[in-house]
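Next come the chains, spelled out residue by residue.
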Amino acid sequence: MAIELRCPDCRAKLRLKAAPAPGTDIECPKCESVFTAPELEDEDDADSPPPPKKKTTHASAATKTADQKLDKPKPPPPRGPRKRRAKKKETSKLSLFLMIGAAVLMVSVMSGTLIWFYTRTPKAVEMFYYVPEDAQFAIGINLGHAQKYPKFYEQVKSSQEGTDFKIAGQAIAKAADTDFDTLIDYMVRADSLGHSSTIVFRTKEEFNGEALAKLPNATKKIAAGVTYYVAPNILPSNQTGIVFAPTNRLIVVCYRHLEGKPVFEKMLTGHANNRENTLGIRMGPLGEKITRGTFWQMTIYDNSVRPPSPPPPRTDPMPGGGGPGGVPQQLGDDTEEQFKRVQAEALNGAKGMGVKASLGSREVRFEIVVWHKDSDKASEYAKKMRESELGKGDEGEPPRWFKNKTQGLGDRKVAAQLLSNISFGSSGELFYAKSAVETVDMQQQAGTIILKVTGQSKEQAGGPPGMMPGTRRRRWIRPELARRSAATMASRPTRPRRRALPTAYSRKALDRTFGFPPPPAAAFSPPPAPRKSCE
């Protein structure tokens, strides 16, 4: 007997030759959905009356109920349409190889990035390849990082006016048709007692060294296969300097007295044959820690530059002294001597020291680092400083020298923050003292503080050989002229020092000033006025 059904999904009519059993899965040929065949009612059975019920005993009823439970068919599954299960497709071997290759490539890239980050040459180390290898002093400014804080940078920018950094940098930027802030990203200056100062700039973008030919009155020369330019008026006091670009990111400026010397040829080639003796390598762990700051300075101690010695104790200047038995009486140290004694104790036997200031959005972090010869000395001194009154922070009584040194850094609020945030510690051979001040409170005194951190001064140029960094430039006289001048002055008779005349020409004032009786008072008196005639 044929029967018609309707697909519950697409509502298509299905004609079957015979009625399917209830619960049978039927697949729609149109939409390929599977549904369960519904139960069909027999019309004859529906119209006929139900059969009479038979009386059964309790035992037979229980047995029949149990049999019905056992023979009762399971309820059919829900009549909703069911999707045909998709067959699992086998993964292609090519896709599997591609996935494995991509994973290996990703791991390789991450590993290479980490290796490059931890083994790459720091900026300062590369820049120090082009300074004299006997340099003992260095200062640096991460200009690009400071520019991220405009309000703070305005103060720093004004403090650099007149320094050798700014004078040379502005001249180079003008030759490259740009400005100082756009061109320079990082700058360092290295000083040595024998070869004065050398400035190295790192640019933000690649720099074409041929632009240095546009410096006013520049003369092009070549040495050791490297092109350099002799440019007048590129250094403070209108001095002539040498400028060259060893790479597309570095620009070097030094004094002309180095031209033609062996040290200059090594600088031109970046000490390619011997970089182990350059400052970037000799600074060791001290340089790695200090050069991470935004502003920093560093000193390496060697045979020519040694740590400072403590000042001798002051004694009573009176003859015989004030002590018993005529022994000169030792006086108490003043504030400056107190600081020098603490400094000498901290640097005793040290290989170097440095100071840095790291600029942040919330605070400026200061750090003083001393590089000792062994880790025991660094840890012992750190323990001593933690147990001192200064190590207690604002809960202790700071020494006078600390109050004196922090007075010039700003108002009392800045000094209070430096004291409360101070801490001491050690890491290997390095001893460090840290503190911090909120950036907002430092903005007004930023320029002054940066000059103190870097040890700079206005119109600082490094000067001729032998001139210590951090001092103002003075007139340099050749030795033969100096000896001639000294001999000339010795042959001249000594003259009393001239003094200003007193405001009142009284006898006591003249005696006090010149030490001899004054001329007659009539010599200083105005002539008498002529008498008028009565007629």
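Residues numbered from 1 in each chain as written. Predicted model: local features only at pLDDT ≥ 70, side-chain atom pairs only at ≥ 80, totals over all residues. Heavy atoms only, no water.

## A closer look at the overall build of the protein
Okay, step 1: Looking only at helices and strands, the protein has 19 helices and 16 strands in total.
Okay, step 2: Considering the protein as a whole, with its 535 residues, one finds that 36% of them fall into the buried category.
Okay, step 3: Of all intrachain contacts in the protein linking residues separated by at least 6 positions in sequence, the fraction that spans at least 24 positions is 60%.
Okay, step 4: Accessible surface for the protein amounts to roughly 34500 Å². Of this, 54% is attributable to carbon and sulfur atoms. (Helix = DSSP H or I, 4+ residues; strand = E, 2+ residues; numbered from the N terminus. Buried < 20%, exposed > 50% of the residue type's maximum accessible area, 1.4 Å probe, protein only. Contact = heavy atoms within 4.5 Å. Areas by Shrake-Rupley, 256 points an atom, 1.4 Å probe, with all protein chains shown as cover.)

## Overview of the side chain of Thr-291
Okay, step 1: By the element assignment, Thr-291 lies in the loop between helix 11 (284-290) and strand 12 (295-300).
Okay, step 2: Contact partners of Thr-291, with chain neighbours within four places excluded, come to Ala-124, Tyr-186, Met-283 and Trp-296.

## Side note on the confidence of the model for the protein
Okay, step 1: A residue-level look at the protein finds 68% of positions with pLDDT of 70 or above and a mean pLDDT of 75.
Okay, step 2: Note that pLDDT drops below 50 for residues 43-48; the model gives that stretch 0 contacts with residues more than four away or on any other chain.
Okay, step 3: Per-residue pLDDT stays below 50 along residues 496-527; that stretch engages in 16 contacts with residues further than four places along the chain or on separate chains. (pLDDT = per-residue confidence, 0-100.)

## Some details on the pattern of salt bridges
Okay, step 1: Under the counting rule described, the total for this entry stands at 16 salt bridges.
Okay, step 2: Among the ionic pairs, Arg-189 bridges to Asp-191, the shortest N-O distance being 3.1 Å.
Okay, step 3: Counted as one network, the salt bridges with shared partners bring together Asp-164, Arg-189 and Asp-191. (Salt bridge = Lys/Arg side-chain N within 4 Å of Asp/Glu carboxyl O.)

## Comments concerning the packing of aromatic side chains
Okay, step 1: Under the criterion given, the structure shown has 7 aromatic pairs.
Okay, step 2: Ring geometry for Phe-128 versus Trp-296: centroids 6.4 Å apart, planes at 85 degrees, classification edge-to-face. Of this pair, Phe-128 sits in the loop between helix 4 (123-127) and strand 5 (137-141) while Trp-296 sits in strand 12; the two residues are 168 residues apart in sequence, bridging distant segments of the chain. A single burial state applies to Phe-128 and to Trp-296, both of which are buried.
Okay, step 3: Here Phe-339 and Trp-401 contribute two aromatic rings whose centre-to-centre distance is 5.6 Å and whose plane-to-plane angle is 50 degrees, an arrangement assigned as tilted. One end of the pair, Phe-339, is in helix 12 (residues 335-346); the other, Trp-401, is in helix 14 (residues 400-407), with 62 residues separating them in the sequence. (Phe/Tyr/Trp six-rings, centres within 6.5 Å; stacked < 30°, edge-to-face > 60°.)

## Remarks on the nonpolar core
Okay, step 1: Counting 64 residues, the largest nonpolar core has Ile-172, Phe-201, Phe-295 and Phe-366 as its most contacted members.
Okay, step 2: Looking at this core element by element, the count peaks at 5 residues for helix 7 (residues 164-175).
Okay, step 3: Ignoring any residue separated from it by four or fewer positions in sequence, one finds Phe-295 in contact with Gly-140, Ile-141, Ala-146, Phe-152, Val-156, Val-355, Lys-356, Ala-357, Ile-450, Val-453 and Thr-454.
Okay, step 4: Ala-124, Tyr-129, Tyr-228 and Val-263 belong to the second largest nonpolar core, which has 38 residues in total. (Core = buried A, V, L, I, M, F, W, Y, C linked by side-chain atoms within 4.5 Å.)

## What about the environment of Thr-291?
Okay, step 1: On the basis of relative accessible area, Thr-291 is assigned to the buried category, the value being 14%.
Okay, step 2: Between the C-alpha atom of Thr-291 and that of Ala-357, which follows or precedes it by 66 residues, the distance is 9.9 Å.

## Some words on the sheet that holds strand 15 (residues 423-427)
Okay, step 1: On the basis of which strands lie adjacent, the open sheet formed by 12 strands has the order 8-9-10-11-7-6-5-12-13-14-16-15 and antiparallel pairing. With partners counted over all chains shown, the strands left at the sheet margins are strand 8 (219-223) and strand 15, one partner each. For this sheet the average axis-to-axis angle between neighbouring strands, irrespective of direction, equals 20 degrees.
Okay, step 2: Note that strand 5 and strand 12 share 5 bridges and pair antiparallel. Bridge pairing links Ala-138 to Met-298 in strand 12.
Okay, step 3: Sheet strands touched by helix 15 (residues 412-420): strand 14 (363-371) and strand 16 (430-438). Its angle to strand 16, the strand with the most contacts, is close to 140 degrees. (Pairing = 2+ DSSP bridges. Axes fitted to C-alpha atoms, helices over the stretch in contact; angles between N-to-C directions.)

## Description of the packing of helix 6 (residues 150-159) against helix 17 (residues 446-454)
Okay, step 1: Where helix 6 meets helix 17, the axes come as close as 7 Å, and the angle between the chain directions of the two elements is 60 degrees. Taken together, the axes of helix 6 and helix 17 are oblique relative to one another. Where helix 6 crosses over helix 17, the two elements pack in a sense that is right-handed. Residue-level contacts link Phe-152, Gln-155, Val-156 and Ser-159 of helix 6 to Ala-446, Gly-447, Ile-450 and Leu-451 of helix 17. (Parallel < 35°, antiparallel > 145°, perpendicular 65-115°, else oblique. Left-handed = near helix turned anticlockwise from the far one by under 90°.)

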